[in-house]
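In case you want the letters, here they are:
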Amino acid sequence: MGVFGIIGEERTDVASSVYYGLYALQHRGQESAGIVVNDDGVFTAHKGTGIVNDVFDRERLESLGHGNMAIGHVRYGTLGTKGVMNAEPIVINHVKGKLAIATAGGIVNASVLKRELELQGMIFHTTNPAEVVSYVITKERISSPSIEVAVERAMNKLDGGFCLLLMSPRKIIAVRDKHGFHPLCYGRRENGQYVIASESCALDSVGATLIRELDPGEIVVFSEDGIKCIREHCGKAPEALCVFEYVYTARPDSSIAGCSVHEARARAGALLAKAHPVEADVVVGVPDSGLDAAIGYAKESGIPYGIGLIKNKYIGRTFIAPGQDVREDKVKIKLNPIKSTVNGKRVVLVDDSIVRGTTCAKLVKLLKSAGAVEVHLRSSAPPFLNPCYYGTDIDSKDSLIACNHTIEEITQMTGADSLGYLRLEDVTKLGDGGCCKGFCTACFDGKYPTETPVIIKNKYDSKISDNDNTDE
Ligand code: AMP
């Protein structure tokens, strides 16, 4: 999931800027998109399911009008939270005004908080934990002197790996959880507008210069009075940046914790080459997620890098597609081999990760049918062994191939000639040269930096559905 916000002194076409920002963050979620424009306290919103381009056209953007601030969101629907009703930003009216809320990541105590609120008579319209966040903040707002104090108090109640972007009539407030699981940064445009985004590539897309990343646990308030930082609200916690941001989630042209994502991936490839060398003729990366690591592998091993697979650029990430049948079909139409690169060659095939094992099995077959004599599979992430509760949709151990099979079995099942994963002890080296002091590697080693969630289900939770785009 990705968040984007912009705030300045003048009334401008902020909707278009958010649109471009969300466009740059599209890789963080394709399930739904939404923008809320704030024109002197009047909020105009639109959100819908699909990619940014499906949800917004020129007319729709114009209908949002001008304002001096706006926030937007792209959503990556985790299990049970899909559909337009769960699209963000959520806009609420509370006793002291309006609030728009966009979230990214996972709140592990959302279910428990929701049940507490329901027992006090609150009703929920969505299955999105962002709605729980909105209640927690507005409850605090009643007894707080300002929205930022309410947010500060709410942060003591929320547990998990998440970022929040909130817009009140006069302020935008950006928040990173105390472990700093997911990235959040801000910058400034030449015209003085501040821009806040999940990734630095989105700042680039609107011509903003990165000022800095938020610290773990930091709350930054943007208003006409300038910037105010609140750092001490929920005590100290060990830093736990999601290492999967470097491996897969973020765009390679972003920088996280002061470290280029491209460099981090190339480093993963080099470490992989050291741990799992093999005699081969060409190194091929799986587009797009494996390309940077393949370059690193090739450089370290001295084996030439080659373009061996071409991706149809007009197709989304395979993983997002619902249902196993759709996922498999999409792999076939998504990637095509270049015969001249692989024919008669021993190929090292590098992808960023092996989750269910569907993609790599198809690709090994594809490369062999294009004439590769050997295919050596390399994953620039360690084996996925545990579910993630912080926003990555890796939900059950049953679907994780590494949970249920040995390396030898996976090698055989995928048809590869050998298989090598990045070593667990190497994964935390990806951010070398950056400023991150600790990583969350729970999907690989099961060491969760927070409590794991207790899920309390309501009878109606699985029955809620809604297909239409909505205006507010
Ligand atoms: P699989 O076929 O299940 O082994 O999926 C592996 C592919 O999915 C790799 O090419 C990854 O780039 C991609 N992938 C890994 N994790 C995720 C995720 N959480 N969301 C979307 N795609 C992912």
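Structure's up top.
Residues numbered from 1 in each chain as written. Predicted model: local features only at pLDDT ≥ 70, side-chain atom pairs only at ≥ 80, totals over all residues. Heavy atoms only, no water.

A. Main features of the overall build of the chain. Assigned secondary structure in the chain consists of 17 helices and 24 strands. Radius of gyration (C-alpha) of the chain: 22 Å, near the 23 Å computed for a compact globule of 472 residues. Seen through its principal axes, the chain has C-alpha atoms that stretch 70 × 50 × 40 Å. The long-range share in the chain, meaning contacts at least 24 apart out of those at least 6 apart in sequence, stands at 68%. For the chain, the accessible surface area stands at approximately 19,200 Å², while carbon and sulfur atoms represent 51% of it. Mean positive and mean negative side-chain charge positions of the chain (53 and 59 charges, respectively) differ by 2 Å. (Helix = DSSP H or I, 4+ residues; strand = E, 2+ residues; numbered from the N terminus. Rg over C-alpha atoms; globule rule 2.2 N^0.38 Å. Contact = heavy atoms within 4.5 Å. Areas by Shrake-Rupley, 256 points an atom, 1.4 Å probe, with all protein chains shown as cover. Lys, Arg positive; Asp, Glu negative; His and termini not counted. Charge placed at Lys NZ, Arg CZ, Asp CG, Glu CD.)

B. Layout of helix H15 (residues 407-414). Taken together, the buried positions of H15 are occupied by Ile410, Thr411 and Thr414. All buried residues of H15 project into a common sector of 105 degrees when viewed along the axis, lining one side. When the buried face of H15 is taken as reference, the exposed residues oriented beyond 90 degrees from it are Glu408 and Gln412. Summarising the contacts, the buried residues of H15 are in contact with helix H13 (358-369), strand E21 (374-379), helix H14 (401-404) and strand E22 (418-421). Where H15 ends, the next residue or the one after it, Gly415, has phi of about 80 degrees, a positive value. (Buried < 20%, exposed > 50% of the residue type's maximum accessible area, 1.4 Å probe, protein only. Arc of directions from axis to C-beta.)

C. Examining a nonpolar patch on the surface more closely. On the surface, Ile295, Tyr305, Ile307 and Ile310 cluster together into a nonpolar patch covering about 340 Å² of accessible area. As for its position among the elements, Ile295 is in helix H10 (residues 291-301). Judged by relative accessible area, Ile295 falls into the partly exposed class, the value being 34%. (Patch = residues over 30% accessible without salt bridge, like charges linked within 9 Å, V, L, I, M, F, W, Y side chains within 5 Å. Salt bridge = Lys/Arg side-chain N within 4 Å of Asp/Glu carboxyl O.)

D. Looking closely at the site of the ligand. In the vicinity of the ligand, 16 residues are found, and the nearest of them are Tyr248, Asp351, Asp352, Arg356 and Thr359. At 3.1 Å, a side-chain N or O of Tyr76 approaches a nitrogen atom of the ligand. Contact distances for the ligand include 3.0 Å between an oxygen atom and a side-chain N or O atom of Ser289. Within the complex, the protein chains bury 95% of what would otherwise be the 500 Å² of accessible surface of the ligand. Broken down by class, the residue content of the shell around the ligand amounts to seven nonpolar, six polar and three charged. (Near = heavy atom within 4 Å. Polar contact = N/O pair within 3.5 Å; in protein donor to acceptor, adjacent residues only side chain to side chain. Nonpolar A, V, L, I, M, F, W, Y, C, P; charged D, E, K, R; others polar.)

E. How the structure looks around the pairing of E22. Burial along E22 is two-sided: Ser418 and Gly420 facing one way and Leu419 and Tyr421 facing the other are all buried. The sheet contact formed by E21 and E22 spans four bridges and is parallel. Bridge pairing links Arg378 to Gly420 in E22. (Pairing = 2+ DSSP bridges.)

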